Amino acid sequence: MTVTIVGSQLGDEGKGALVDLWGGDADIVVRYQGGDNAGHTVVEGGEEYKLSLVPSGAVRDKVGVLGNGCVVNPRTLFDELDGLQERGLDPDVRVAKRAHVILPYHRRLDGIEEEVKADSGVKVGTTGRGIGPTYEDKAGRRGIRIGDLLDPEVLRDRLEYAVEQKRSLIEDVYGLEAGDECDVDALHEEFAEFGRRLEENEMVVNCSDFLHQRRQEGDSLMFEGAQGTLIDIDHGNYPYVTSSNPTAGAAATGSGVGPTVVGQGEVVGIVKAYLSRVGEGPMPTELDGTDHEESLADFIREKGGEFGTVTGRPRRIGWVDMPMLRHASRVSGFTGIAVNHLDVLAGLEEVKVGHAYELDGEEIETMPATTERWAACDPVLKEFEPWPEVDWAEVAEEGYDAIPDAAQDYLDYLSEEVGAPVYAIGVGPDRAETVELTNPFDR
């Protein structure tokens, strides 16, 4: 059995909470794309764990795998593992030999290129973690992979080739001075040691073979997507996207498990009951036009804790964008959805949804393919009856019938529009504060 968890909006939908909830029924949790720019927050028993690279299942003592579709910063990986161990956990994390390595020069170039883009008016709003430049090297066939760290001679050859190019970019193209990020000897010493540690702890695997063998033994897999559909490099609002594919199709390519395996399982789209965004790019339903809207956005932001897990940046806030959700459901083939942060909207005087767009005098219910056309869209808003503030811990304990009627109407609408049933509703940050209707592993 496989279950794939996909962000259906712009990231930060609360995927980690559902991986944590259903991960108890998985044997292995696999990250299939992204790097340490993917902040997942898991809360268990009042304890909060902020993870940017380690798969969320680590909190549930599951085997975590960083698949070949990931880009891995070993510094971040071992810092997180050490931190979890200091808190009494013993995470079992494996890393694909084919995953690419984020090196210090990738981070340096990420910052430089973002500054250049800002000067040209095309700033993307990256986290500066070196994700994009690492994927560029992967596509350019000059990257360094986890398997290369295990062989010091191969690692030196790869570094000597790559570093000269990076030095030329920094000095000759951008007119800046290269620093320690281009010191081949220092990089070789540090990253060969990471390779030794990975090998010593038996963390490195041939991902496809490892997962195949575990499935043959009867293990269930959960695939954990990072970010969200609208920042997918192929299906998002390019160029304001990440450099990988958070959508469900990448669960196969980013892990080496066949698409027929993933396709026979469950694909659950995680939906935030409103919309948030970190970084640049259009957002038609954004609450930013009037003092009233900005005040409402501030209220939702504070109540929902809408600040980036990795960066701490305040997130932009808007109403749910239904054309966005319809697009996400089509692209990944949702079999169910989970709706988080329903409690955050409680007690408001108004609750709205961007049901459609108006573009060039025409009403449309799906997203335009280009960012420029999407930016020209005005939302066609649908208003819902607000629901009152209630004891959400009590709701979580009593179940779906305890959710206020108006909120149930809202959930029914979301389900009908995306064409998939609601599997769970998050009414608080803790695992126990989730109303579960269907466990995808039981289907």
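Our subject in this report is the structure included herewith. On a predicted model such as this, the values are computed, not experimentally measured, just so you know.

### Considerations on the environment of Lys-15
For Lys-15, the position within the fold is in helix H1 (residues 15–22). Taking the relative accessible area as the measure of exposure, Lys-15 reaches 4% and is therefore buried. A polar atom in the side chain of Lys-15 sits 2.8 Å from the side chain of Glu-13.

### Considering helix H2 (residues 74–86)
The end-to-end C-alpha distance of H2 is 18 Å, a good match for the 18 Å that 13 residues give at a rise of 1.5 Å each. Taken together, the buried positions of H2 are Pro-74, Thr-76, Leu-77, Phe-78, Glu-80, Leu-81 and Leu-84. Buried residues along H2 sit in contact with strand E4 (47–51), strand E5 (63–66), strand E6 (71–72), strand E7 (92–96), strand E8 (100–101) and helix H6 (184–200). Between the side-chain oxygen at the start of H2 and the backbone nitrogen of Arg-75 there is a gap of 2.9 Å, and the oxygen is on Asn-73. Positioned one or two residues after H2, Gly-88 has a phi angle of 95°, which is positive.

### Regarding the state of the cysteines
All chains considered together, the criterion is met by 0 disulfides. Among the cysteines around Cys-70, which has no disulfide bond, Cys-207 carries the closest sulfur, lying 8.4 Å off.

### Re the sheet that holds E7
The strand order E9-E7-E5-E2-E10-E1-E11-E15-E19-E20 describes an open sheet built from 10 strands, whose pairing is mixed. At either margin of the open sheet sits one strand with a lone partner, and together these are strand E9 (204–205) and strand E20 (434–436). As paired strands, strand E2 (residues 28–31) and E5 are joined by 4 bridges and run parallel to one another. When the bridges of E5 are listed, Arg-31 appears paired with Leu-66.

### With respect to the pattern of salt bridges
For the coordinates displayed, the defined rule picks out 26 salt bridges. Between Asp-219 and Arg-214 there is a salt bridge, with its nearest N and O atoms 2.5 Å apart. Overall, Asp-219 belongs to the buried group, its relative accessible area being 14%. If you follow the salt bridges from partner to partner, you end up with Asp-12, Lys-272, Glu-306 and Arg-315 in one network.

### Examining helix H10 (residues 291–304)
Taking 1.5 Å of rise per residue, the 14 residues of H10 would be expected to cover 20 Å, and the 20 Å separating its terminal C-alpha atoms lies within 8% of that figure. The set of residues buried in H10 consists of Leu-296, Ala-297, Ile-300, Arg-301 and Gly-304. Down the axis of H10, the buried set is contained in an arc of 135°. They therefore lie on one face. Residues of H10 that are exposed and point more than 90 degrees away from the buried face comprise Asp-291 and Glu-302. Where H10 is buried, its residues contact strand E13 (316–318). Looking at the residues trailing H10, positive phi occurs at Gly-305, about 60°.

### Re the packing of helix H5 (residues 152–173) against H6
How two helices pack is summed up by the angle between their axes together with the distance between the axes. Where H5 contacts H6, the two axes come as close as 10 Å, and the packing angle between them is 140°. Compared by their axis directions, H5 and H6 come out oblique. Taken as a pair, H5 and H6 cross one another with a handedness that is right-handed. From H5, Pro-152, Leu-155, Arg-156, Leu-159, Glu-160 and Val-163 reach across to H6, where they touch Val-184, Asp-185, Leu-187, His-188, Phe-191 and Ala-192. A class-by-class count of the residues in the contact of H5 with H6 yields 8 nonpolar, 1 polar and 3 charged.

### A closer look at the packing of aromatic side chains
Under the criterion given, the structure shown has 5 aromatic pairs. Aromatic pair Phe-384 and Tyr-410: ring centres 5.2 Å apart, planes at 85°, arrangement edge-to-face. Of the two residues, Phe-384 is situated in strand E18 (residues 378–384) and Tyr-410 in helix H14 (residues 405–418); the sequence distance between them amounts to 26 residues. Residue Phe-384 is classed as buried on the basis of its relative accessible area of 12%. Judged by centre distance (5.3 Å) and plane angle (50°), the rings of Trp-387 and Tyr-410 are tilted. Linking Trp-387 in the loop between E18 and helix H13 (392–398) with Tyr-410 in helix H14, this pair joins segments that are 23 residues apart in sequence. Taken individually, Trp-387 and Tyr-410 each receive the classification buried, so the pair is uniform in this respect. Taken together, the ring pairs connect Phe-384, Trp-387, Tyr-410 and Tyr-413 into an aromatic cluster.

### Thoughts on the nonpolar core
Counting residues in each nonpolar core, the largest one holds 104 residues, and the members touching the most others are Leu-77, Trp-387 and Tyr-410. Among the elements that line this core, the one with the most residues is H14, at 7 residues. Core analysis: the second largest hydrophobic core is formed by 15 residues, Val-3, Val-29, Met-222 and Ala-338 among them.

### Here's the deal with the side chain of Glu-80
Within the fold, Glu-80 resides in helix H2. Non-local contacts of Glu-80, meaning those with residues more than four positions away in its chain, are made with Leu-51, Ser-52, Leu-53 and Val-54.

Reading the values: rules and limits
- Counting restarts for each chain: residues are numbered from 1 in the order of the written sequence.
- Per-residue local features are limited, in this predicted model, to residues with pLDDT of at least 70; the limit for side-chain atom pairs, both in listing and counting, is 80 or more; totals at the level of whole chains, interfaces and linings are taken over all residues.
- The side-chain figures draw on all heavy atoms in the structure; neither hydrogens nor water molecules are used.
- Numbered from the N terminus, helices here are DSSP runs of H or I no shorter than four residues, and strands are runs of E no shorter than two.
- Residue burial is assigned from relative accessible area. The probe radius is 1.4 Å, only protein chains are included, and a residue is buried under 20% of its type maximum, exposed over 50%, and partly exposed in between.
- The term polar contact refers here to a pair of N or O atoms within 3.5 Å; inside protein, the definition further demands a hydrogen-donor-capable atom paired with an acceptor-capable atom, and it admits residues adjacent in sequence only when both atoms are side-chain atoms.
- Multiplying 1.5 Å by the helix residue count minus one yields the expected span of that helix.
- Contacts are assigned to residue pairs that have any heavy atoms within 4.5 Å of one another.
- What counts as a disulfide here is a pair of cysteine sulfur atoms lying within 2.5 Å.
- Here a strand pair is declared whenever DSSP counts at least two bridges between the two strands.
- Any carboxyl oxygen of Asp or Glu that lies within 4 Å of a side-chain nitrogen of Lys or Arg is treated as forming a salt bridge with it.
- The directions from the helix axis to the C-beta atoms form the arc being described.
- Note on definitions: angles span 0 to 180 degrees between N-to-C directions of axes, and those axes are lines fitted to C-alpha atoms, for helices only across the stretch in contact.
- Angle categories: roughly parallel below 35 degrees, roughly antiparallel above 145, roughly perpendicular from 65 to 115, and oblique for all the rest.
- Helix crossings are classified by the rotation of the near helix relative to the far one: an anticlockwise turn of less than a right angle makes the crossing left-handed, while a clockwise turn makes it right-handed.
- Here the nonpolar group is Ala, Val, Leu, Ile, Met, Phe, Trp, Tyr, Cys and Pro; Asp, Glu, Lys and Arg are the charged ones; every other residue, Gly included, is treated as polar.
- Side-chain rings of Phe, Tyr and Trp (the six-membered ring for Trp) are treated as a pair once their centres are within 6.5 Å; stacked means planes under 30 degrees apart, edge-to-face means over 60, and tilted covers the remaining angles.
- For the purposes of this section, nonpolar cores are sets of buried Ala, Val, Leu, Ile, Met, Phe, Trp, Tyr and Cys residues that join through side-chain atoms within 4.5 Å.

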